[in-house]
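# Survey of secondary and tertiary structure
If you want the building blocks of each chain, they are given just below.
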Amino acid sequence: MFQLALFQPRIPPNCGNIIRLAANNGCILHLIEPFGFSLDEKSVRRAGLDYHDMATVRRHKNFEAFSEAVAGHRLLACTTKGSRPYTDVRYLPGDVLLFGSETSGLPDEIRNGIPAEHRIRIPMMAGARSMNLANSVSIISYEAWRQHDFVGGV
């Protein structure tokens, strides 16, 4: 299956929604610290409902620890500064879909450390700045799963 990664998430309900998403699409979810909240916050748990125990969530103290944990897997930066639409990618099992924080996206040094062909974006109307993080994760992760005929799903 695929892997999702959130770099320094800031909004608790987004994180809770993405935990629920990971439980439903079978993705491993990596959370890269520091967070803008505690995972024990009521709003995170409420958004995730009772899916927390069904999701595989891994915490990483920083980007370096995360990078070591996913070494050997293709890393795709999902960013408004991506060089190609997410629909132009042939997703591979094990791919890691990396998303930046809601407030600042991926830092330049991280984004620029990923090859341009692995920086993907969701097309938007001219003048739009960004989409909600949980929506973006849903769109791209379900496209990756769709390309593999929703293996494991019902």
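For the structure itself, consult the block above.
Attention here is on the structure that accompanies the text. These numbers come from a predicted model, not from an experiment. (Residues numbered from 1 in each chain as written. Predicted model: local features only at pLDDT ≥ 70, side-chain atom pairs only at ≥ 80, totals over all residues. Heavy atoms only, no water.)

### Focus: the pattern of salt bridges
Note the cut-off: Within this document, salt bridges are pairs made up of a side-chain nitrogen of Lys or Arg and a carboxyl oxygen of Asp or Glu, the two lying within 4 Å of each other. The numbering of helices and of strands both runs from the N terminus, where a helix is a DSSP run of H or I of at least 4 residues and a strand a run of E of at least 2. Exposure classes here rest on a 1.4 Å probe applied to the protein chains alone. A residue is buried below 20% of its type maximum, exposed above 50%, and partly exposed in between.
Evaluation of the coordinates by the stated rule reveals five salt bridges. In this structure, the salt-bridge partner of glutamate 33 is lysine 61, at a minimum N-O distance of 3.8 Å. One end of the pair, glutamate 33, is in the loop between β2 (28–32) and α2 (42–48); the other, lysine 61, is in the loop between β3 (56–60) and α3 (63–69), with 28 residues separating them in the sequence. Of the charged contacts in the structure, one is a salt bridge between glutamate 143 and arginine 146, with a shortest N-O distance of 2.8 Å. Of the two residues, glutamate 143 and arginine 146 are both situated in helix α5 (residues 133–146); the distance of three residues between them amounts to about one turn of the helix. Residue classification places glutamate 143 among the buried positions, given a relative accessible area of 12%.

### Quick word on the nonpolar core
Quick note on the threshold: Put simply, a nonpolar core is a bunch of buried Ala, Val, Leu, Ile, Met, Phe, Trp, Tyr and Cys residues held in one set by side-chain atoms that sit within 4.5 Å of each other.
Counting 32 residues, the largest nonpolar core has Leu4, Tyr91 and Ile140 as its most contacted members. Where this core is concerned, the elements lending two or more residues are β1 (3–7), α1 (12–25), β2, β4 (75–78), β6 (96–99) and α5.

### Remarks on the packing of aromatic side chains
As a reminder of what qualifies: Stacked, tilted and edge-to-face are the three classes applied to pairs of Phe, Tyr and Trp rings, where Trp contributes its six-membered ring and a pair requires centres within 6.5 Å; stacked means planes under 30 degrees apart, edge-to-face means over 60, and tilted covers the rest.
In this structure the tally under the stated criterion is five aromatic pairs. Considering the side-chain rings of phenylalanine 63 and phenylalanine 66, the 5.6 Å spacing of their centres and the 50° angle between planes classify their relative orientation as tilted. Of this pair, phenylalanine 63 and phenylalanine 66 are both found in helix α3, three residues apart, which corresponds to roughly one turn of the helix. Looking at phenylalanine 63, the relative accessible area reads 17%, which means it is buried. In this structure phenylalanine 66 comes out as buried when scored by relative accessible area, which is 0%. Centre to centre, the rings of tyrosine 142 and tryptophan 145 are 5.4 Å apart; their planes meet at 65°, and the pair counts as edge-to-face. A residue pair is termed a helical-turn pair when its members lie 3 or 4 positions apart in one helix, as tyrosine 142 and tryptophan 145 do in helix α5 at three residues. Among the aromatic side chains, those forming a connected cluster through ring pairs are Phe7, Phe63 and Phe66.

### Quick notes on the sheet that holds β4
The condition is simple: Strands pair, by our definition, only if DSSP identifies at least two bridges between them. Residue contacts follow a heavy-atom distance rule, with two residues in contact if any of their heavy atoms lie within 4.5 Å. Every axis in this analysis is a line fitted to C-alpha atoms, fitted for helices over the stretch in contact. Angles between the N-to-C directions lie between 0 and 180 degrees.
Taken in spatial order, the seven strands line up as β3-β2-β1-β6-β4-β7-β5 in an open sheet, and their pairing is parallel. If you trace the sheet from one side to the other, it starts and ends with β3 and β5 (84–85), each paired once. Two strands pair when backbone bridges link them, and β4 and strand β7 (residues 119–121) are joined in this way by two bridges, in the parallel orientation. Bridged to alanine 77 within β7 is arginine 119. Against the sheet, α5 makes contact with β1, β4, β6 and β7, and its axis sits at roughly 160° relative to β6, the strand it touches most.

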